[in-house]
Amino acid sequence: MVQRHHDSGTADVLGDSSAGDVLGAYLRAQATAFLRALRLHEESGADAAEGVEAARAIRSAARRISGSLATYRPVTETGWADGLRTELTWLSATLADEHRYGSRLARLLDALHRLSGTPEVPAPRGAARGSLTVGSARAAALLERQLTLARTRAHSATLHALGSSRFHAVADAVAVLASEVPLDTVAAAGRTDEVLVPLSAQVADRLAAAVAELPLGRAGHPYNADALVDDASQDAPWHRVRTLLRVHRYAQEALGADVLRLTTAGGALDRHRDAAEAAAASAQAARTPRIAPATAYALGVLHADQRHEVEAARFDFQRVWQRSGSETPVAT
């Protein structure tokens, strides 16, 4: 059974506003944010930090437009909405790769530095006291080579995408969206609480069902060790909840709801995804042929550390979710 709690923040838009007015205003705002970020990206030039921030803003606006078009598809001209959503999903995924490789490398190097400076970390049997420090330096060099190469390739793919006719077509479509949203005449004329809220509730129901499949009872106990097993099939349900939670948050944003707790819960699942991917990267590096035993050991310690971070993120999400009954659907 799913208990749904109405968001108090939606009260402002559940009055006389039509579904088209509310959805149109949100989509136009996100399209404007997309175009503003694109202009900043073009003007960033050699400023790498500014370029990264602008690309992040482009991704953010693209995800919000795409997610809203999926949730509120019946209120739009569906052929147009489906086409634009597909292109925005492609663009967001392309832009995300470079950022994720860079963030993953920084995360792993920081963890290696922390671990090698921690006397509580046990040394392998028969190893010298400084083996972790030595292994960490070599592991860091190996990870830097592998992930820098991946990031460089992703950067090239991003530059190619941003210079392509496909991207320019997307930018043109978003520019049109900033001034005019193609809507279904009948659905857009309906009341917000009769059209948009039920569509948003469908996403909330899917989210609640996905959360119900998570072992939240186990995740509510710290150090339960469930997450220490590096198993993609075990992580997949949590990644699915992360995606659904993000779409639900965007749907609530369009309705003017307070999404603070949804954002906090999503942050925990972002950390879960980042730690899981970092653990996988360390495991992949450890499979490099002919690496030194000390390097392999350091990568093993790093892998275990990141799986502990996966477990901690699950614990954090469980605590936030159980407190957020007033703003999210709760499976019972």
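Cut-offs and rules
- Residues numbered from 1 in each chain as written.
- Predicted model: local features only at pLDDT ≥ 70, side-chain atom pairs only at ≥ 80, totals over all residues.
- Heavy atoms only, no water.
- Helix = DSSP H or I, 4+ residues; strand = E, 2+ residues; numbered from the N terminus.
- Buried < 20%, exposed > 50% of the residue type's maximum accessible area, 1.4 Å probe, protein only.
- Contact = heavy atoms within 4.5 Å.
- Areas by Shrake-Rupley, 256 points an atom, 1.4 Å probe, with all protein chains shown as cover.
- Patch = residues over 30% accessible without salt bridge, like charges linked within 9 Å, V, L, I, M, F, W, Y side chains within 5 Å.
- Salt bridge = Lys/Arg side-chain N within 4 Å of Asp/Glu carboxyl O.
- Lys, Arg positive; Asp, Glu negative; His and termini not counted.
- Charge placed at Lys NZ, Arg CZ, Asp CG, Glu CD.
- Phe/Tyr/Trp six-rings, centres within 6.5 Å; stacked < 30°, edge-to-face > 60°.
- Lys NZ or Arg CZ within 6 Å of the ring centre and 35° of its normal.

(A) Structural context of the overall build of the chain. Each helix and strand counted, the chain has 11 helices and 2 strands in total. When the helices and strands of the chain are placed in sequence order, the string is β-α-α-α-α-α-α-α-α-α-α-α-β. Out of the 332 residues belonging to the chain, those deemed buried represent 45%. Sequence-distant contacts in the chain: of pairs separated by 6 or more residues, those separated by 24 or more amount to 85%. With the model as given, the accessible surface of the chain reaches about 16200 Å², and the carbon-plus-sulfur share is 54%.

(B) Here's a closer look at the environment of alanine 55. Positionally, alanine 55 belongs in helix α2 (residues 48-71). In this view, alanine 55 contacts His41 and Leu95; residues no more than four positions away in its chain are not counted.

(C) A look at a negative patch on the surface. A surface patch of negative charge is lined by Glu42, Glu43, Asp47 and Glu50. The residue glutamate 43 is located in helix α1 (residues 19-44) in this model.

(D) Main features of the environment of threonine 295. Take threonine 295: it is sitting in helix α11 (residues 293-323). According to the relative accessible area criterion, threonine 295 is buried, its value standing at 5%. The spacing of threonine 295 and alanine 141 is 154 residues in sequence and 9.9 Å in space, taken between C-alpha atoms. With residues near it in sequence (within four places) discarded, threonine 295 still touches Gly135, Arg138 and Ala139.

(E) Structural detail: the environment of leucine 40. Within the element layout of this structure, leucine 40 appears in helix α1. C-alpha of leucine 40 to C-alpha of alanine 57: the two residues are 17 residues apart in sequence and 9.6 Å apart in space. Excluding anything up to four places from it in sequence, leucine 40 contacts Glu50 and Ala54.

(F) Representation of the packing of aromatic side chains within the structure. Considering all chains together, one arrives at 2 aromatic pairs under this definition. With a centroid separation of 6.2 Å and an interplanar angle of 80°, the aromatic rings of tryptophan 238 and phenylalanine 317 are classed as edge-to-face. With tryptophan 238 in helix α9 (residues 232-254) and phenylalanine 317 in helix α11, the pair connects residues that are 79 residues apart, well separated along the chain. For tryptophan 238, a relative accessible area of 2% corresponds to the buried category. Overall, phenylalanine 317 belongs to the buried group, its relative accessible area being 0%. Aromatic rings pair up to connect Trp238, Phe317 and Trp321 into one cluster. Seen from the ring of tryptophan 90, arginine 166 lies directly overhead, with NZ or CZ sitting 4.1 Å from the centre.

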